Amino acid sequence: MTTDAASATAAFRLTHYLGVAVPARLADEGARIGLVLLALERTDSAGLGGALVAALMIPHVVAAPVLGAVADRVRRRRLFHASCLFAYGLGLAATAVVVGRAPAGLALALVAAAGCCAPLVTGGLTSLLGELVPADRLSRAFSIDSTSYNLAGICGPALAAALSAAAGPDTALIALGAAGAIAGLVMLTLPLAPRTGGAGHDARLRPADLATGLLELLRNPPLRAVTWSSSAGQIGVGALPVLTALLAQQYGAGWAAGGLMTAFAAGALAGSLIYAVRPWTDTHPERVVLGCLAATGLPLALAATKPALSATTALFVLAGACTGPLFSALLAARERYAPAGVRTQVFTLGAGLKSTAAAGGAAAAGVVSGAGTSALLLAIAACQVLATLLGAALLTHRGTTGAKHPGRPGGAAAPEAATRKSRT
């Protein structure tokens, strides 16, 4: 195959993949707003709305090891992923029907069932990129994939709010469920070959297999470093919504609560796009993760000096721009260092750990909100610095095995990459 033909094939497969990832992640991000708005309209209960969001989010972590382990072993992966996306969309649509019209327990159970499929909407989908895109284009592919997360984070809540205002929250939630179902349909056409069940592949799932991915996150030095450092940094990022609400009060500008978060997300999107055009490294993504963690803290620390609102907004854009390459490199590191047998589990677990850390950061920020915005900003910045130091320590400490999985390009995993490429 010529270079131009290979480039065209890679671009087509990446576009095809985004046809799955974008609607699925729009549904995931928008559902959190849609559920709250629906609960308020039908029951006038913000408490129920919060419980529905929690029921959607908590299974991200609980179900991640199981879904990841099954996805790493199931032969017909397209059908498995598509079924989970269909189930996710169906759960959202069914919830739109029953909230306020049936016992709350039923609505919570439906949302929790949808949430159990959510790990394949995030990390599970990303783990497939290594089988769709050649090794020399993976860094750029992960950067482009990270923009789908950023776009979903910006557009998903806005779409849910706009549809709710125009047609009602129930219609909005049904539309988001339909987006999940559409993602499932596109997934069925993704050029992902079934596993052949050849030598070294064991499709049986044992209880011990559920811990294999977690053990890899504890024993594999570069994978361990990026996983736990990025999760620690996410504690600070999770506190940002609480902080921006306080900053809006401080500046007397109601728009700033959402505006500063939009500025941060827009910066992240720009950073991802810049990194997609010119990745800094294909061989040491863990260094990008640690460097960007440290860089994220600096603009937030400067914002603690209480500059003008315009300057604070610019600093949030800069901080967000550092998280764009960070996330792209984090995805590349998972692909590079995770062994093939637990790759999807590593992706789903990593995504679940970050979600949990962000939720913990939001809760902690609410508890200490009385300390003031400057103290909170410094604490959030300190999270990034401490996360960097944690990552550096975990990277240099080789642990119980000291084993690395060099991944692509080159190294021990290169033959496996070539085999996967030939299968797809």
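Residues numbered from 1 in each chain as written. Predicted model: local features only at pLDDT ≥ 70, side-chain atom pairs only at ≥ 80, totals over all residues. Heavy atoms only, no water.

Colleague: Pulling in residues and values, what's your account of the nonpolar core?
Modeller: Side chains of nonpolar character tend, in soluble globular proteins, to be buried together. Of all hydrophobic cores here, the largest spans 75 residues; its most connected members are Tyr17, Leu52, Leu56, Tyr88, Leu125 and Met187. When near neighbours in sequence (up to four residues on either side) are disregarded, leucine 52 contacts Leu35, Ala39, Val99, Ala107, Leu108 and Val111. Counting 23 residues, the second-largest nonpolar core is a separate cluster that includes Phe264, Ala319, Ala365 and Leu377. (Core = buried A, V, L, I, M, F, W, Y, C linked by side-chain atoms within 4.5 Å. Buried < 20%, exposed > 50% of the residue type's maximum accessible area, 1.4 Å probe, protein only. Contact = heavy atoms within 4.5 Å.)

Colleague: Break down the packing of aromatic side chains for me, with residues and values.
Modeller: One pair of aromatic rings is described through two measures. These are the centre distance and the angle between the planes. All told, the structure shown has two aromatic pairs when counted by the stated rule. The interplanar angle of 85 degrees and the centroid separation of 4.9 Å between the aromatic rings of tyrosine 149 and phenylalanine 327 together place this pair among those described as edge-to-face. With tyrosine 149 in helix α9 (residues 138–167) and phenylalanine 327 in helix α16 (residues 309–337), this residue pair connects regions lying 178 residues apart in the sequence. One exposure class covers both tyrosine 149 and phenylalanine 327, and it is buried. Looking at arginine 25, its charged tip hangs above the ring of tyrosine 149, at a distance of 3.9 Å from the centre. (Phe/Tyr/Trp six-rings, centres within 6.5 Å; stacked < 30°, edge-to-face > 60°. Helix = DSSP H or I, 4+ residues; strand = E, 2+ residues; numbered from the N terminus. Lys NZ or Arg CZ within 6 Å of the ring centre and 35° of its normal.)

Colleague: Go over the side chain of threonine 373, please, and point to the residues and values.
Modeller: Here threonine 373 shows up in helix α18 (residues 373–396). Overall, threonine 373 belongs to the buried group, its relative accessible area being 9%. When neighbours within four sequence positions are excluded, threonine 373 is seen to be in contact with Leu243, Leu246, Leu247, Gln250 and Lys306.

Colleague: Describe the pattern of salt bridges, naming the residues involved and giving the relevant values.
Modeller: In total, this model carries seven salt bridges according to the counting rule given. For arginine 32, the salt bridge is made with aspartate 28, and the minimal N-O distance between the two is 3.4 Å. Of the two residues, arginine 32 and aspartate 28 are both situated in helix α1 (residues 3–43); the distance of four residues between them amounts to about one turn of the helix. The residue aspartate 170 makes a salt bridge to arginine 42 at a minimum N-O spacing of 3.6 Å. Of this pair, aspartate 170 sits in helix α10 (residues 169–187) while arginine 42 is found in helix α1, placing the two residues 128 residues apart along the sequence. Salt bridges sharing common partners tie together Asp28, Glu29 and Arg32. (Salt bridge = Lys/Arg side-chain N within 4 Å of Asp/Glu carboxyl O.)

Colleague: Describe the environment of alanine 375, with residues and values.
Modeller: Examined against the element boundaries, alanine 375 turns out to sit in helix α18. The exposure class of alanine 375 is partly exposed, given its relative accessible area of 37%. In the structure, alanine 375 is positioned 74 residues away from alanine 301 in sequence and 9.5 Å away in space, judged by C-alpha atoms.

Colleague: Now, about the packing of α1 against helix α5 (residues 77–98): what can you tell me, with residues and values included?
Modeller: Close contact between α1 and α5 brings their axes to 10 Å; oriented N to C, the two are set at 15 degrees. Taken together, the axes of α1 and α5 lie roughly parallel to each other. In this structure, the crossing between α1 and α5 has a hand that is left-handed. Facing Val20, Ala24, Ala27, Asp28, Ala31, Leu35, Leu38 and Arg42 of α1, the residues of α5 in contact are Leu85, Tyr88, Leu92, Thr95, Ala96 and Val97. A per-class count over the contact of α1 with α5 returns eleven nonpolar, one polar and two charged. (Axes fitted to C-alpha atoms, helices over the stretch in contact; angles between N-to-C directions. Parallel < 35°, antiparallel > 145°, perpendicular 65-115°, else oblique. Left-handed = near helix turned anticlockwise from the far one by under 90°. Nonpolar A, V, L, I, M, F, W, Y, C, P; charged D, E, K, R; others polar.)

Colleague: Tell me about unusual backbone geometry, and please be specific about residues and values.
Modeller: A negative phi angle is the norm for most residues apart from glycine, just as the trans form is the norm for most peptide bonds. Positive phi, close to 55 degrees, is recorded for aspartate 44, a residue that is not glycine. Phi is positive for lysine 306, close to 60 degrees, though the residue is something other than glycine. Looking at where lysine 306 falls in the secondary structure, it is placed in the loop between α15 (285–303) and α16. By relative accessible area, lysine 306 is classed as exposed at 52%.

Colleague: Can you lay out helix α6 (residues 104–117) for me, pointing to particular residues and giving the numbers?
Modeller: Compared with an ideal rise of 1.5 Å per residue, which puts 14 residues at 20 Å, α6 spans 21 Å between its outermost C-alpha atoms and is within 8% of the ideal. Among all positions of α6, only Ala107, Val111, Ala114, Gly115 and Cys117 are buried. Projected down its long axis, α6 carries its buried residues within an arc of 155 degrees, all on one side. Buried residues along α6 sit against α1, α2 (46–57), α3 (59–62), α4 (64–71) and α5. (Expected span 1.5 Å × (residues − 1). Arc of directions from axis to C-beta.)

Colleague: I'd like to hear about the packing of helix α14 (residues 256–277) against α16, residue by residue, with values.
Modeller: Between α14 and α16, whose axes approach to 6 Å, the crossing angle comes to 40 degrees. Judged on the interaxial angle alone, α16 and α14 are oblique. Judged by the twist between their axes, the crossing of α14 over α16 is right-handed.

Colleague: Help me get a handle on the side chain of arginine 224, residues and values and all.
Modeller: If you trace the backbone, arginine 224 turns up in helix α12 (residues 221–238). Comment: no salt bridge for buried arginine 224; closest opposite-charge side chain is glutamate 216, at 9.8 Å. A distance of 2.6 Å separates a polar side-chain atom of arginine 224 from the backbone oxygen of leucine 394. (Lys, Arg positive; Asp, Glu negative; His and termini not counted. Polar contact = N/O pair within 3.5 Å; in protein donor to acceptor, adjacent residues only side chain to side chain.)

Colleague: Describe the state of the cysteines, with residues and values.
Modeller: Counted under the stated rule, the structure contains zero disulfides. Of all cysteine sulfurs, the one in cysteine 292 lies closest to cysteine 322, which takes part in no disulfide; the gap is 6.1 Å. (Disulfide = S-S within 2.5 Å.)

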